[in-house]
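Residue strings, one per chain:
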Amino acid sequence: MKSFEASRPAVFRLHAAAGPAPEEIPALLKQDGLMAEALPWCETAFVLKEGSVRGLQETELYHKGLLYIQGASSLLVPLVLDVRPGQHVLDMAAAPGSKTTQIALMMKGEGELTANDASRPRFFKLKAAIDAQGFQNVRLIMKDGQFLWKQFPESFDRVLLDAPCSGEARFCATSKESLGQWKPGKVKALAAKQKLLLLSAFSALKPGGVLVYSTCTFAPEENEEVISWGLGKFGPAAAVEAFEPPLLYMEGLASWGKRELDPAVRKTRRILPDGLTEAFYIAKIRKTDSWTAERKKT
């Protein structure tokens, strides 16, 4: 509950392949009266220790598009996905593009990143973010993610499904608007949508590839229950991989209400809100054998 009242320091990262080296950033910002420290577990990210977000946005570095403000928990998601140059990667619900552009930088112009978003207004925000950085290996598409696997069956080495969610981790005690649209029915509807997106994401993943599912909500219905349901569908073709986040976290829930969840869900991670981070849920799944929704039907 206290996390809904907390204010956190700004976290930002380098946003372009060309420009200053990471170790140069603190000294450059010091000239503008700002103090920044490197984020130890992400070589291109920093925490603003002194100064305001507005002050950061007024710097030349920011105006040139070299810096991007992005929460620490959000930064972690592409790192868990473990993207490598030369891979074929799908970002299934990509807008507004924070994780998309982070992934593109990790790919270093090698391979291909397919970035999709079904919402027309959000798609054009995504397109603007990609165009501003001049990425040449990013393919933009605007389709309903739950059917995307039919166009790209078992086509990607990595798939990120940063799923549309109820955003409970972003509630703010001083802003009624932040929770004004929340209701239990919305959580239920989103969970149903998330399950269809998860089927599509797993079906679009190559055998041997990695899928990361993430949300910024506390609701188990949108987190552990979705993954447990998916594991029941995928059977032995899916293996949840544990990882140790460099942030305050807890294991995925073993049960919710009266329902016991698949034991493998304990290997998923809940990033907990603290003085630096907002809450996030992250699941990492390896595809161990061929599987698509089409094959499951037959």
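For the structure itself, consult the block above.
The paragraphs below set out a description of the structure included in this document.

Definitions and cut-offs
Residue positions within a chain follow its written sequence, with the count starting from 1. Totals for whole chains, interfaces and linings use every residue, but because this is a predicted model, local features are given only for residues with pLDDT of at least 70 and side-chain atom pairs only at 80 or more, for both listing and counting. Heavy atoms from the whole structure form the basis of all side-chain values; hydrogens and water molecules are not counted. Secondary structure elements follow DSSP: runs of H or I of four or more residues count as helices, runs of E of two or more count as strands, with numbering from the N terminus. Residue contacts are defined here by distance: any two heavy atoms, one from each residue, within 4.5 Å place the two residues in contact. Any two strands with at least two DSSP-identified bridges between them are counted as paired. The buried label applies to any residue whose accessible area, calculated with a 1.4 Å probe on protein chains only, is under 20% of its type's maximum; exposed applies above 50%, and partly exposed to all values in between. Side-chain atoms alone can form a polar contact between residues adjacent in sequence; in general such a contact is a pair of N or O atoms within 3.5 Å, and within protein one must be able to donate a hydrogen while the other accepts it. Here, a salt bridge means any Lys or Arg side-chain nitrogen found within 4 Å of an Asp or Glu carboxyl oxygen. The axes are straight lines fitted to the C-alpha atoms, using for helices just the contacting stretch, and the angles between their N-to-C directions are given from 0 to 180°. The scheme is simple: roughly parallel for angles under 35 degrees, roughly antiparallel for over 145, roughly perpendicular for 65 to 115, oblique for anything else. Take the far helix as your reference; a near helix turned counterclockwise from it by less than a right angle gives a left-handed crossing, and one turned clockwise gives a right-handed crossing. Amino acids are sorted into nonpolar (Ala, Val, Leu, Ile, Met, Phe, Trp, Tyr, Cys and Pro), charged (Asp, Glu, Lys and Arg) and polar (every other residue, Gly among them).

What follows concerns the environment of K287. Position of K287 among the secondary structure elements: in strand β15 (residues 280-287). Separated by 84 residues in sequence, K287 and S203 place their C-alpha atoms 9.4 Å apart. Setting aside chain neighbours within four positions, we find K287 in contact with E154, F202, S203, L205, K206, P207, G208, G209 and A237.

Within the element layout of this structure, T292 appears in the loop between β15 and α10 (293-297). Setting aside residues no more than four positions away along its own chain, T292 makes contact with W149, E154 and S203.

Right, let's get into the pairing of strand β1 (residues 11-14). For β1 and strand β3 (residues 45-50), the ladder comprises three bridges, and the chain directions are antiparallel. Note on β3: the bridge partner recorded for V11 is V47. Note: β1 against strand β4 (residues 67-69), three bridges, orientation antiparallel. Bridge pairing in β4 places R13 opposite Y68.

Okay, the side chain of Q102 next. With respect to the secondary-structure elements, Q102 resides in helix α5 (residues 98-107). Owing to a relative accessible area of 6%, Q102 belongs among the buried residues under this scheme. Looking at Q102, its side chain comes within polar contact range of the main-chain oxygen of L75, at 3.0 Å. Dropping the residues within four chain positions of it, Q102 is found in contact with R13, Q70, S74, L75, P78 and L79.

What the rule picks out here adds up to 15 salt bridges. For the salt bridge of E278 with R170, the shortest nitrogen-to-oxygen distance reads 3.4 Å. One end of the pair, E278, is in the loop between β14 (269-271) and β15; the other, R170, is in the loop between β8 (156-162) and α8 (184-204), and 108 residues separate them in sequence. What you see here is one network of salt bridges that share partners, running through E241, K284 and R286.

Let us look at the packing of helix α4 (residues 72-81) against α5. How two helices pack is summed up by the angle between their axes together with the distance between the axes. At a minimum axis separation of 9 Å, α4 and α5 run at an interaxial angle of 45°. Judged by the inter-axis angle, α4 sits oblique to α5. For the pair α4 and α5, the crossing hand works out as right-handed. Counting all contacts with α4, which are made through S74, L75, V77, P78, L79 and L81, the residues of α5 involved are S98, K99, Q102, I103 and M106. Of the residues belonging to the contact of α4 with α5, the class tally is seven nonpolar, three polar and one charged.

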